[in-house]
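# Topology and contacts: notes
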Amino acid sequence: MTPMTQPVLALDRVTVSFPVYLGGSRSLKKRLLSQGSAGRIARDANDRVIVDALHEVSLALESGDRLALIGANGAGKTTLLRVMAGIYEPVSGTVTVRGRISPMFDIGLGIDTDLSGYDNIRIRGLLLGLSATEIDARLPDIAEFTELGDYLEMPVRTYSSGMMLRLTFAVATCFEPEILLMDEWILAGDAHFMARARARIDAFVAKANVLVLASHNLDVCRKWCNKGVWLQRGEIRAIGEIEDVIDEYSAASA
Amino acid sequence: MNSVEATSASAGSGSARHAQLARAIADVGEGAALWPLWGMLGWNDILQRYRRSLLGPLWLTASMAIMVVSLGVIYAQIFKIEIDDFMPFLCVGLLVWNFISSILGEAGTLFTGSESYIKQIRLPYSVYVFRFMWSKVIIFAHNFVIYFGILLYFRIWPGATAVLALPAFALLVFNGACVSLYLGLVSARFRDIPQIVQSITQIVLFVTPIMWKPQLLTRYNFLMTFNPFYHLIEVVRAPLLGELPSWHNYVAVVLITAFNAALAGLIFARFRARISYWV
């Protein structure tokens, strides 16, 4: 492989399973009892249920790819995003990442509602791994994109959720990450914001970066992405060009 | 700029263990490098609690001062000791104990309390430990003002010996980081640990020479010799009162530190990757 064709983000037979600790098995008492007495109580006490959230998922994304993750609720879209973001280390399989990742899952993360918009921009910037000087250099650009104007001096408590979204989106995309991961909350913006966000994403992907978007909204997937993955029960049902995957998905769920 | 990062998991063979340990060490290094982040988050943790109050974080100092003075006056009476002698002893002991007990009391929620961060963004897990310890050190610094007040009031001067308290406090902080790391991790899996720790902490306050002087314990001396908290407190307290800790104290603290560091290293290396699944 030459360096040019090396994938920016590659998953190789990634499996993720969650232990579900049902009330009791999380307590030390049951654990000790089940260790101490071989046999019946062990089975009763240690009722560990394991949910296979992802099963042998393999995919590779190259520069310029915009991938949509589609599938029903509980298909593993969010888990897959979190594996890509390095939040869940897979039980088996490998995740290879080249470049900086910017996850946008929760607009409220790290937001201190008593602090001003500017202060919160700094906190989020630090959370995404920017240095104080990098944030200061990008502050005008971020402020411009949010279109919040004087509101940035006000405590974030006074913001609407749409305003919060603008602030978060501006910070998440300000430093041109190689990989941008988005969950479907992005759809909460108004039409004006969506158009601006789209323009920013286009500019961002044009710089040969990667976008992964999890969404139920097939129209948005079509508009924003060129590739698709259809997840079902933690396994890849279809992968390929976005139109083909959407067609298959619609045919199956119709 | 372009960093390549690969995460994988495989069965517990020897090389996998090494990889786990290497990742744990890398985690601590990366976490330390993020000091602007945890420095600010740690400060915010304190400011948030006292925002819009007049004294702000100085409320910590005020309530601690009231406690030191009232306990000092009463216990000096009960034990029939000179207040000049007892009050400084009690003050330093309580300051250090307050630091230790707040770490033990809150370590259980170190990771579970940061669930929203852990599930949304990949940060080195050590960042949460640094943030936690940093805010505890800030609180200690606020409380420490009382010590100077006591020095002034009773006109005592510990002399150059007091400098010995600095490395001792550094060791205490290091121990606190190790303990909060493994307590926080184990508590994320077993939710009764914080309760157990809390009830033990309550007893420790009374069996450790904090509100009574070590000389008063004439029998059952082993209760003190084998109490790790006594040694941890004594190496900080004695220099601040102008006395030299005994070599027993130092040996004990070194042993305790080695134990805590080894346990924290083992547990962190083994279970670090599971934290996001457990919280």
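The following refers to the structure shown. Note that the coordinates shown come from a computational prediction; the quantities given were computed from them, not determined experimentally.

Conventions we followed
Residues numbered from 1 in each chain as written. Chains lettered and ligands numbered in written order. Predicted model: local features only at pLDDT ≥ 70, side-chain atom pairs only at ≥ 80, totals over all residues. Heavy atoms only, no water. Core = buried A, V, L, I, M, F, W, Y, C linked by side-chain atoms within 4.5 Å. Buried < 20%, exposed > 50% of the residue type's maximum accessible area, 1.4 Å probe, protein only. Helix = DSSP H or I, 4+ residues; strand = E, 2+ residues; numbered from the N terminus. Domains from an automatic or database assignment. Patch = residues over 30% accessible without salt bridge, like charges linked within 9 Å, V, L, I, M, F, W, Y side chains within 5 Å. Areas by Shrake-Rupley, 256 points an atom, 1.4 Å probe, with all protein chains shown as cover. Salt bridge = Lys/Arg side-chain N within 4 Å of Asp/Glu carboxyl O. Lys, Arg positive; Asp, Glu negative; His and termini not counted. Charge placed at Lys NZ, Arg CZ, Asp CG, Glu CD. Expected span 1.5 Å × (residues − 1). Bend = angle between axes of the 7 residues up to and from the residue. Contact = heavy atoms within 4.5 Å. Axes fitted to C-alpha atoms, helices over the stretch in contact; angles between N-to-C directions. Parallel < 35°, antiparallel > 145°, perpendicular 65-115°, else oblique. Nonpolar A, V, L, I, M, F, W, Y, C, P; charged D, E, K, R; others polar. Buried area = accessible area lost by both parts, 1.4 Å probe. Polar contact = N/O pair within 3.5 Å; in protein donor to acceptor, adjacent residues only side chain to side chain.

### Some points on the nonpolar core
One finds A:Met182, A:Trp224 and B:Phe111 to be the most contacted residues of the largest nonpolar core, which totals 127 residues. Top contributing element to this core by residue count: helix α4 (residues 83-107) of chain B, with 15 residues. Built from parts of two domains, this core gets at least three residues from each of domain 1 (9-99 + 213-253) and domain 2 (104-208) of chain A. With 33 residues, the next largest nonpolar core counts A:Leu9, A:Val212, A:Val229 and B:Tyr277 among its residues.

### As for a negative patch on the surface
A contiguous patch of negative charge, built from A:Glu241, A:Asp244, A:Asp247 and A:Glu248, is present on the exposed surface. Locating A:Glu241 in the fold gives a position in strand β9 (residues 235-241).

### Here we look at helix α5 (residues 132-146) of chain A
All names here are of chain A. The end-to-end C-alpha separation of α5 is 19 Å, in line with the 21 Å expected for 15 residues at 1.5 Å each. The largest bend along α5 reaches roughly 50° and is located at Arg138, with the proline Pro140 sitting one to four residues downstream. Every buried residue of α5 is listed here: Ile135, Leu139, Ile142, Ala143, Phe145 and Thr146. Each element contacted by the buried residues of α5 is listed here: α4 (117-127), α6 (161-174) and α7 (191-206).

### Structural notes on the packing of helix α1 (residues 14-33) of chain B against helix α11 (residues 247-271) of chain B
All names here are of chain B. Running from N to C, α1 and α11 cross one another at 105°; their axes reach a closest spacing of 8 Å. One element, α1, and the other, α11, form an angle in the roughly perpendicular class. Residue-level contacts link Gln20, Leu21, Ala24, Asp27 and Val28 of α1 to Phe268, Ala269 and Arg270 of α11. Grouping the amino acids of the contact of α1 with α11 by side-chain chemistry returns five nonpolar, one polar and two charged.

### Notes on the interface of chain A and chain B
Taken residue by residue, the interface counts 43 residues in chain A and 41 residues in chain B. Regarding the contact of chain A and chain B, the summed buried area is about 3700 Å², with carbon and sulfur atoms giving 54% of it. Linking chain A with chain B are one salt bridge. B:Arg272 serves as the salt-bridge partner of A:Glu89, at 3.1 Å between the closest nitrogen and oxygen. Our count for the chain A to chain B interface comes out at five residue pairs in polar contact (both at pLDDT 80 or more). Within the residue set of the side of chain A that touches chain B, elements represented by two or more residues are β1 (9-20), α1 (28-36), β4 (92-98) and α4 of chain A.

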